[in-house]
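Structural characterization, general
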Amino acid sequence: MTAAPPPRSPLAGWPGIGEASIARLVRLGVRRPEDFLGLIPLRYEDWTRVTPIGALQVGTTALVEGEVVEWREEPTPRRGDKQLIARLRDDSGVLVGRWIHYYPSTIAQLRRGRWRWYGEVRAHFYGGVEMVHPRLLDPRRPLPTTLTPVYPTVEGLNQGQLRRWVTRALMLIPLREWLTALSVDPEVRNALGELPPLPEALSVLHQPPPGVDPQRAEWQAARRRVALDELVAHQAALRRARLERQGQRGARVEGAAAEKAMRRLIARLPFALTGAQQRAIEEVTVDLSEHRPMYRLVVGDVGSGKTVVAAAALARAVGGGFQGAFVAPTELLALQHGVRLTEWFEGIAPVALITAATPARARKVWQERLAAGEPLVVVGTHALFEEKTPLPRLALAVVDEQHRFGVRQRALLRAKCVEWVPHLLMMSATPIPRSLAMAAFAELDLSFLDEKPPGRQPVTTTLLPMSRRRELVQRLRHWVAQGRQAYWVCPRIEGEEEASLSAAAVVYEELAEALPEGKVALLHGRMRPIERQQVMTAFARGEVAVLVATTVVEVGVDVPNAALMVVEHAERFGLAQLHQLRGRVGRGGGESFCVLVYAEPLPPLARERLSALRREHDGFRLAELDLRLRGPGEINGVRQSGLPLLRVADFVTDEGLLGPAQQLADRLWREQPEIAAELVSRWVPAAEWAPHA
Ligand code: ADP
Ligand code: MG
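Residues numbered from 1 in each chain as written. Chains lettered and ligands numbered in written order. Predicted model: local features only at pLDDT ≥ 70, side-chain atom pairs only at ≥ 80, totals over all residues. Heavy atoms only, no water.

Turning to the nonpolar core, a few remarks are in order. In terms of nonpolar packing, the biggest core is built from 140 residues, with Leu-25, Phe-36, Leu-341, Phe-345 and Leu-664 touching the most fellow members. In this structure, Phe-36 is in contact with Leu-11, Trp-14, Leu-25, Val-30, Trp-165, Val-166, Ala-169 and His-206, ignoring residues within four places of it in sequence. Core analysis: the next-biggest nonpolar cluster, separate from the first, contains 35 residues, Leu-547, Val-567, Tyr-598 and Ala-612 among them. (Core = buried A, V, L, I, M, F, W, Y, C linked by side-chain atoms within 4.5 Å. Buried < 20%, exposed > 50% of the residue type's maximum accessible area, 1.4 Å probe, protein only. Contact = heavy atoms within 4.5 Å.)

Have a look at this one:
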């Protein structure tokens, strides 16, 4: 037998695109010709006109043309290195070019004589003007009539290639203006303002006339027009996902037994439900009793009590004679949910905790009971869906931290039972503001937990420079001597697990030395699940006083006696993530503390983020700030917010387009469905068509 050939890339056969470029383009988010359209230039270079050397102004960027009259290598004044110096002459003057890094080929090229140089004009050390590393352009080619875009790129893809491919995409893809042809309400028209037709907008972005740049209103209108296309496509896809679910059948959960099980669980909780929890539980109750499957997202700040809503829904399902699953993104969280639910479900239904740490024998027994259709609650990680275990009576799946739950898991979930499609209840990872959530998750029903359980004190938050870290270790010693517990979270090191781990190991050793024997423990992602479980249990029991951890503690961990959170290199974390970490403390009564240790010098944006955290304790407001306080091109905030990633549009910058996009998507499906479908296939990658279908 031969293996099936890998699917052919829609870019195969394009001039200059081979296997290697296909892989590199994927890293840029380009898989299909259409994706080139959404590659927005970072900036532009003006190669449209030649400036006489005599007229060059220091501080500007210019294109000049002349003869190379001299080139030589000379030692640099400061280092032992050499530099390459060349002089370019035209009728009006002489310009010095200087290369600090160069190849022998650069010298060979310069010998050719006539050149165009493009670069920033600087005052030369000895008087006159110079360009450092000017770009060498061929003087035999006609001058372009439009600006030359500079695209974001990855190693191995050069600007020339990207420009050629984008130009080709613009030529090959038939672009129709649909907006002007559509009957649009005057309010929507007003909200949109003046927008150029789509083909024109794309050409302003990719091939702007001289003088247009991202600061100009003309360019911004063009970007907005393209952003609108993407947002409408996104909305149209979500609407279609909703429609496609219309025919699905769920398991109807109703009756006195279901109600009784839920009441029993709620009565057992050591606290009264908040109003918001009650509302959410009512909404879920209604959904579960429908013949259509539920697709609901619970949006709530850290500590707002989402787990209770999940537990109530699960109690209802098992009470009604079905099975329920609770899946978490990490072993640690699954473990914790498992322990808590086992307590809450005592006498209501058995709780099967299946994690990597579950011994094979116990796992087998649970799997047999599940396969037999026994009504019980199963708690595990997403791996639960990968397993062969059938869950023939699964009526409800609760998914904690929805943004890590992919299309693939959804498909596996549906494959678990044949008779119906399980109800899906998801918990948001971060509190997304209401209007944003309604647009971004238009295919879901939403419940907002916008009320904190009573008696919560805000966590006192302080910033501390790294230079004062020793004082902090002293404070920690006193803290522990008083029988209190703390978390110490180590720096996030992007993409380098080894480095994160070694940083944590160093901190661990340092603290272990400063504190009494056995009081400090280390927790990291490379540990075996069973070891992690042991450490967590020891911490929860109070045997361990200080938990030194990589960011694995980030989500959902709940140990009320731990009232101090130290985050090292806090400047490397996003606001939302820091808020999540801080949410680990302040769960018991009494005052609690969060110390954000930062390295100096602290960049202004990072300072603003950290200070926001000191003043602000509301997760919804912080989430919004996090999205606003991003640097250009920084998508960390978006990724952690759980919002869908868009290519051109931005949920915050383009907030004003969200309302119109929703209406336009509606109207398109009704009046011009072929255009709606075209937009969806152009802007929404196939795998994400039906995000929660
Ligand atoms: P999150 O929304 O972050 O998942 P959890 O469900 O973990 O929050 O709840 C945080 C803490 O608040 C838990 O210790 C939980 O038992 C407690 N809690 C939940 N609801 C209430 C309530 N209505 N009153 C008091 N405490 C509550
Ligand atoms: Mg939680």
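In this section: the layout of surface pockets. Quantified by volume, the second largest pocket comes out at close to 1100 Å³. Forming the walls of the second largest pocket are 43 residues, and the residues nearest its centre are Thr-307, Gln-336, Arg-340, Asp-558 and Arg-587. Every element with two or more residues in the lining of the second largest pocket is listed here: helix 9 (306-319), helix 10 (331-344) and helix 17 (529-540). Its residues assigned to classes, the lining of the second largest pocket shows 18 nonpolar, 15 polar and 10 charged. No fewer than three residues from each of domain 2 (256-449) and domain 3 (460-616) sit in the lining of the second largest pocket. (1 Å grid on protein atoms, 1.4 Å probe; cavity = no way out; pocket = protein on both sides within 12 Å on 5 of 7 lines; lining within 4 Å. Points joined across faces, edges and corners; volume = space filled by probe spheres on them. Helix = DSSP H or I, 4+ residues; strand = E, 2+ residues; numbered from the N terminus. Nonpolar A, V, L, I, M, F, W, Y, C, P; charged D, E, K, R; others polar. Domains from an automatic or database assignment.)

Read across the sheet, 6 strands follow the order 17-22-21-18-20-19 without closing on themselves; strand pairing throughout is parallel. If you trace the sheet from one side to the other, it starts and ends with strand 17 (460-465) and strand 19 (520-523), each paired once. Here the average twist between neighbouring strands, direction ignored, is 20°. Pairing of strand 18 (residues 485-489) with strand 21 (residues 562-568), which is carried by 5 bridges, proceeds in the parallel orientation. What sits directly across from Trp-488, in strand 21, is Val-566. Sheet contacts for helix 18 (residues 575-582): strand 17, strand 18, strand 21 and strand 22 (593-598); angle to strand 21, the most-contacted strand, approximately 150°. The sheet contacts of helix 19 (residues 604-615) involve strand 17 and strand 22, and relative to strand 17 the element is tilted by about 150°. (Pairing = 2+ DSSP bridges. Axes fitted to C-alpha atoms, helices over the stretch in contact; angles between N-to-C directions.)

What follows concerns the domain arrangement of the chain. Accessible area lost on assembly of the parts is the figure often given for the size of an interface. Segmenting the chain into domains produces domain 1 (53-143), domain 2 (256-449) and domain 3 (460-616). Taken over C-alpha atoms, the centre of domain 1 sits 53 Å from the centre of domain 3.

Let us look at the packing of aromatic side chains. Taken as a whole and judged by the stated rule, the model has 7 aromatic pairs. Note on Trp-479 and Phe-593: the rings are 5.8 Å apart at their centroids and 85° apart in plane angle, and the pair reads as edge-to-face. Of this pair, Trp-479 sits in helix 15 (residues 469-481) while Phe-593 sits in strand 22, placing them 114 residues apart in sequence. Its relative accessible area of 9% is what places Trp-479 among the buried residues. Looking at Arg-434, its charged tip hangs above the ring of Phe-448, at a distance of 4.2 Å from the centre. Between the NZ or CZ atom of Arg-484 and the centre of the ring of Trp-479, over which it lies, the distance is 3.8 Å. (Phe/Tyr/Trp six-rings, centres within 6.5 Å; stacked < 30°, edge-to-face > 60°. Lys NZ or Arg CZ within 6 Å of the ring centre and 35° of its normal.)

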